[in-house]
Amino acid sequence: MRIDLIAKKDWTGRVLVGLMFEGDKTPLAMAGDEGKRHAAVAAGEKFTGQLKKTSLLRATAGSDKLILAGLGKRKEFELDRVRSALAKAMKRAEDIGAESVGLLVPDNREVRGDIADFVGAAVEGAVLSSYRFNKYRSPKPDEPGPVGELLLVLANPRGLTGAMRKAVAEAVARSEAVCFARDLANEPPSPKPPEKMAEIASGLAKKGRIAVRVMHKTELEKLGMGGILRVGAGSHQPPCLVHLTYTPAGKSKKTVVVVGKGITFDSGGISIKPAQGMENMKDDMSGAGAVLALFKWLGSVDVPVTVHGLAPFAENMPGGGAQKPGDVIRHYNGKTAEVISTDAEGRHLLADCLAYGSTLKPDLMIDMATLTGACVIALGDEYSALLGTDQHAIDRLISVGLKQGEFFWQLPLPDRYKSHLKSKIADLKHIGKPRVAGTIAAGLFLQEFVGEGIPWVHIDIAGPSFTSEERDYTPAGATGVPVRTIAAFLREL
Ligand code: BES
Ligand code: ZN
Ligand code: ZN
């Protein structure tokens, strides 16, 4: 989608979008008689600015069509409502075959908060809701195509500031990174084996200040990355580890390591999963996909932080060489773990990477993983779990996430549950007690591989990474959570 900012006097389009608070007399940026008239016509069709409702008005002065989209009650306003409203408006525009849409941008007397944030959220709502994964579909003849252009129309040309243009560019960069993450996770499992993922990651190093190193099987053997190797051993597709590095243009203020689980398909391995819903296990690389997406984003922005991305890729399959329940895996830091279920595979990849990442001496390490079904039971499909040792970072992620419309909830990491991971034959058992605090047990397992004193946050995205139904500005399928939150978090560091 092409996106631009223009002054109202230069706008020549045919479909205009206006946003409206419930109960207001006029839409935003359309005060006076014209706005009152439109609001009255819309009210005749029961539209009074209700959240997620729209109204299509015809033959208006200066445009052929006006789409009003509701923001709900003024006192309940939050930025995420702008994204949802834009999603509805763009859908309506798509339905009437609009190729270009102009959005009336309010000024900062009309809405609470920074208008640049408002515009950023509008852009995100439009781009993210227009996402489609059509690579493997034949087009239907009568299907409306997505709107190709969004023009942000400012009544006052003095509003066209550098800050405003920057907010738009940043929202575009964040949204494109999310769409990239969605593409990776929506891709069927067979066309995206570990080596293919590494190839895609390597492509990211062509832009900006990004370097990449791919560690293939022999190198992983030399390094002693038993977790990645053993999990990948049941597949014909060899595992690998991608290490991306972003170096800022100016002085680096902090070093952050981001790690993501990259299981390109999780069959469960020898502890094979039930058939029902197994097709969704193509998204078990969403954590690693988020790492790649963050580097796509880092290729187009400038942040004063050194960022290392670790994306271990493996296919969890029950082949002849596969790891077995009862096996003991030796990880990068030397710690051994007894395998109970080969379906609890993700933590072994993460264990190697957290130990390896610790040698990079980061100020913060964040891992993201579709790690436990227990997390979906506990928090459902819209909340990710946060666990870790850096309370400040956890609090920041929760509040940054709220602004982004991505939701996080903290779970404890109590020493008293460490006993759940006792093994008789290895340093650790890789899972806790059956059906007891599965997400926490996984977190406690990972903690064993984080270097002494290194602040760390684990994000379990098992619920939000994928949605079976379309919601607000997220089409069904891979969601791209938590790319926007981590990007915004790194931006604010
Ligand atoms: N990839 C799954 C977790 C998962 C489940 C993600 C549902 C998204 C939706 C993970 O590898 C897994 O299978 N975990 C097991 C662990 C168990 C054996 C301790 C689980 O949660 O059942
Ligand atoms: Zn699994
Ligand atoms: Zn898995």
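For the structure, see preceding data.
Residues numbered from 1 in each chain as written. Chains lettered and ligands numbered in written order. Predicted model: local features only at pLDDT ≥ 70, side-chain atom pairs only at ≥ 80, totals over all residues. Heavy atoms only, no water.

**Regarding the overall build of the protein chain**
Then, in step 1: Regarding its fold elements, the protein chain presents 13 helices and 20 strands.
Then, in step 2: Scaling as 2.2 N^0.38, a compact globule of 493 residues should have a C-alpha radius of gyration of about 23 Å, and the protein chain matches this with 24 Å.
Then, in step 3: In terms of principal-axis extent, the alpha carbons of the protein chain reach across some 80 × 50 × 45 Å.
Then, in step 4: When burial is assessed residue by residue, the protein chain has 56% of its 493 residues classed as buried.
Then, in step 5: A separation of at least 24 residues holds for 77% of the contacts in the protein chain among residues at least 6 apart in sequence.
Then, in step 6: Side chains of the protein chain give 64 positive and 57 negative charges; the mean places of these two sets differ by 2 Å. (Helix = DSSP H or I, 4+ residues; strand = E, 2+ residues; numbered from the N terminus. Rg over C-alpha atoms; globule rule 2.2 N^0.38 Å. Buried < 20%, exposed > 50% of the residue type's maximum accessible area, 1.4 Å probe, protein only. Contact = heavy atoms within 4.5 Å. Lys, Arg positive; Asp, Glu negative; His and termini not counted. Charge placed at Lys NZ, Arg CZ, Asp CG, Glu CD.)

**Considering the site of ligand 1**
Then, in step 1: By nearness alone, 15 residues border ligand 1, and D266, K273, D343, E345 and G373 come closest of all.
Then, in step 2: At a separation of 3.3 Å, a nitrogen atom of ligand 1 approaches a polar backbone atom of T370.
Then, in step 3: Calculation on ligand 1 without its partners gives an accessible area of 510 Å², and the protein chains cover 73% of this total.
Then, in step 4: When atoms are counted within 2 Å of each cavity's grid points, the one that captures over half of ligand 1 is the largest pocket.
Then, in step 5: Among the residues forming the shell around ligand 1, the class breakdown is five nonpolar, four polar and six charged. (Near = heavy atom within 4 Å. Polar contact = N/O pair within 3.5 Å; in protein donor to acceptor, adjacent residues only side chain to side chain. Areas by Shrake-Rupley, 256 points an atom, 1.4 Å probe, with all protein chains shown as cover. 1 Å grid on protein atoms, 1.4 Å probe; cavity = no way out; pocket = protein on both sides within 12 Å on 5 of 7 lines; lining within 4 Å. Sits in = over half its atoms within 2 Å of the grid points. Nonpolar A, V, L, I, M, F, W, Y, C, P; charged D, E, K, R; others polar.)

**Details of the nonpolar core**
Then, in step 1: Counting residues in each nonpolar core, the largest one holds 99 residues, and the members touching the most others are L19, L152, L292, F295, W297 and I459.
Then, in step 2: Ranked by residues supplied to this core, first place goes to helix 4 (residues 162-186) with twelve residues.
Then, in step 3: Both domains that furnish three or more residues to this core are identified here as domain 1 (2-160) and domain 2 (187-492).
Then, in step 4: Every residue in contact with L152, bar those within four places of it in the chain, is listed here: I3, D4, L5, I6, L103, V105, V119, V123 and V168.
Then, in step 5: The next biggest cluster of nonpolar side chains, apart from the first, holds 40 residues, and it includes A351, C353, L387 and I440. (Core = buried A, V, L, I, M, F, W, Y, C linked by side-chain atoms within 4.5 Å. Domains from an automatic or database assignment.)

**Let's talk about the coordination of the zinc ion (ligand 2)**
Then, in step 1: Donor atoms from the polypeptide that bind the zinc ion (ligand 2) are D266 (OD), D343 (O), D343 (OD) and E345 (OE), placed at 2.0 to 2.2 Å.
Then, in step 2: Of note is the zinc ion (ligand 2), whose six donor atoms meet at the metal with angles of 70 to 167° in an arrangement that counts as irregular.
Then, in step 3: Separating the zinc ion (ligand 2) from the zinc ion (ligand 3) is a gap of 3.2 Å, which D266 spans by donating to each of them. Remark: E345 occurs in the loop between strand 13 (336-338) and helix 9 (346-358) and D266 occurs in strand 10 (residues 262-266); sequence separation between them is 79 residues.
Then, in step 4: Under the relative-accessibility criterion, D266 is labelled buried at 3%. (Donors = N, O, S within 2.8 Å, 3.2 Å for Na, K, Ca; no water. Tetrahedral: all angles 85-135°; square planar, octahedral: opposite > 155°, others 65-115°.)

**Observations regarding empty space enclosed by the protein**
Then, in step 1: In this structure the tally under the stated criterion is one cavity of 30 Å³ or more.
Then, in step 2: Considered as a void within the structure, the largest cavity measures approximately 50 Å³ in volume.
Then, in step 3: Lining the largest cavity are A181, A185, M285, S286, G289, A290, S465, A478, G480 and V481.
Then, in step 4: Only helix 4 and helix 8 (286-298) provide two or more residues apiece to the lining of the largest cavity.
Then, in step 5: Sorting elements by how many residues they give to the lining of the largest cavity places helix 8 first, with three residues. (Points joined across faces, edges and corners; volume = space filled by probe spheres on them.)

**A short note on the pattern of salt bridges**
When their charged atoms lie close together, side chains carrying opposite charge are able to pair.
Then, in step 1: Inspection of every chain in the model, using the stated rule, returns 32 salt bridges.
Then, in step 2: In this structure, D24 engages R74 in a salt bridge whose closest nitrogen and oxygen atoms are separated by 2.9 Å. Of this pair, D24 sits in the loop between strand 2 (15-21) and helix 1 (32-44) while R74 is found in the loop between strand 4 (63-72) and helix 2 (80-95), placing the two residues 50 residues apart along the sequence.
Then, in step 3: The partly exposed category is assigned to D24, whose relative accessible area is 23%.
Then, in step 4: Judged by its relative accessible area of 36%, R74 falls in the partly exposed class.
Then, in step 5: Counted as one network, the salt bridges with shared partners bring together D80, R83, E124, R174, E406 and R484. (Salt bridge = Lys/Arg side-chain N within 4 Å of Asp/Glu carboxyl O.)

**Structural notes on the packing of aromatic side chains**
Then, in step 1: Taken as a whole and judged by the stated rule, the model has seven aromatic pairs.
Then, in step 2: Relative to F77, the ring of F21 lies with its centre 5.5 Å away and its plane at 85°, an arrangement referred to as edge-to-face. Pair noted here: F21 is in strand 2 and F77 is in the loop between strand 4 and helix 2, with a separation of 56 residues, a long-range link.
Then, in step 3: Overall, the relative accessible area of 1% leaves F21 in the buried class.
Then, in step 4: The exposure class of F77 is buried, given its relative accessible area of 9%.
Then, in step 5: On the numbers, 6.4 Å between centres and 80° between planes, the contact of Y383 with W409 is edge-to-face. Within this pair, whereas Y383 is found in strand 15 (residues 383-388), its partner W409 is found in strand 16 (residues 407-410), the two being separated by 26 residues in sequence.
Then, in step 6: Taken together through their ring pairs, the aromatic side chains of F21, F77 and F118 make up a single cluster.
Then, in step 7: Above the plane of the ring of F180 lies K296, whose end atom (NZ or CZ) is 5.3 Å from the centre. (Phe/Tyr/Trp six-rings, centres within 6.5 Å; stacked < 30°, edge-to-face > 60°. Lys NZ or Arg CZ within 6 Å of the ring centre and 35° of its normal.)

**Let's talk about the coordination of the zinc ion (ligand 3)**
Where a metal carries four tetrahedral donors, each ideal angle is 109.5 degrees; where it carries six octahedral donors, the ideal angles are 90 or 180 degrees.
Then, in step 1: Donor atoms from the polypeptide that bind the zinc ion (ligand 3) are K261 (NZ), D266 (OD), D284 (OD) and E345 (OE), placed at 2.0 to 2.4 Å.
Then, in step 2: Classification of the site at the zinc ion (ligand 3) as octahedral follows from its six donor atoms and the range of 78 to 172° in their angles at the metal.
Then, in step 3: All donors of the zinc ion (ligand 3) belong to a single chain; written as a sequence motif, their spacing is K-x4-D-x17-D-x60-E.

**Focus: unusual backbone geometry**
Then, in step 1: Between V481 and the following residue, P482, the backbone shows a cis peptide bond with an omega angle of 5°.
Then, in step 2: Mapped onto the fold, P482 is located in the loop between strand 20 (477-478) and helix 13 (483-492).
Then, in step 3: Even without being a glycine, K46 presents a positive backbone phi close to 70°.
Then, in step 4: Checked against the element boundaries, K46 lands in the loop between helix 1 and strand 3 (54-60).
Then, in step 5: The exposure class assigned to K46 is exposed, which follows from its relative accessible area of 67%.

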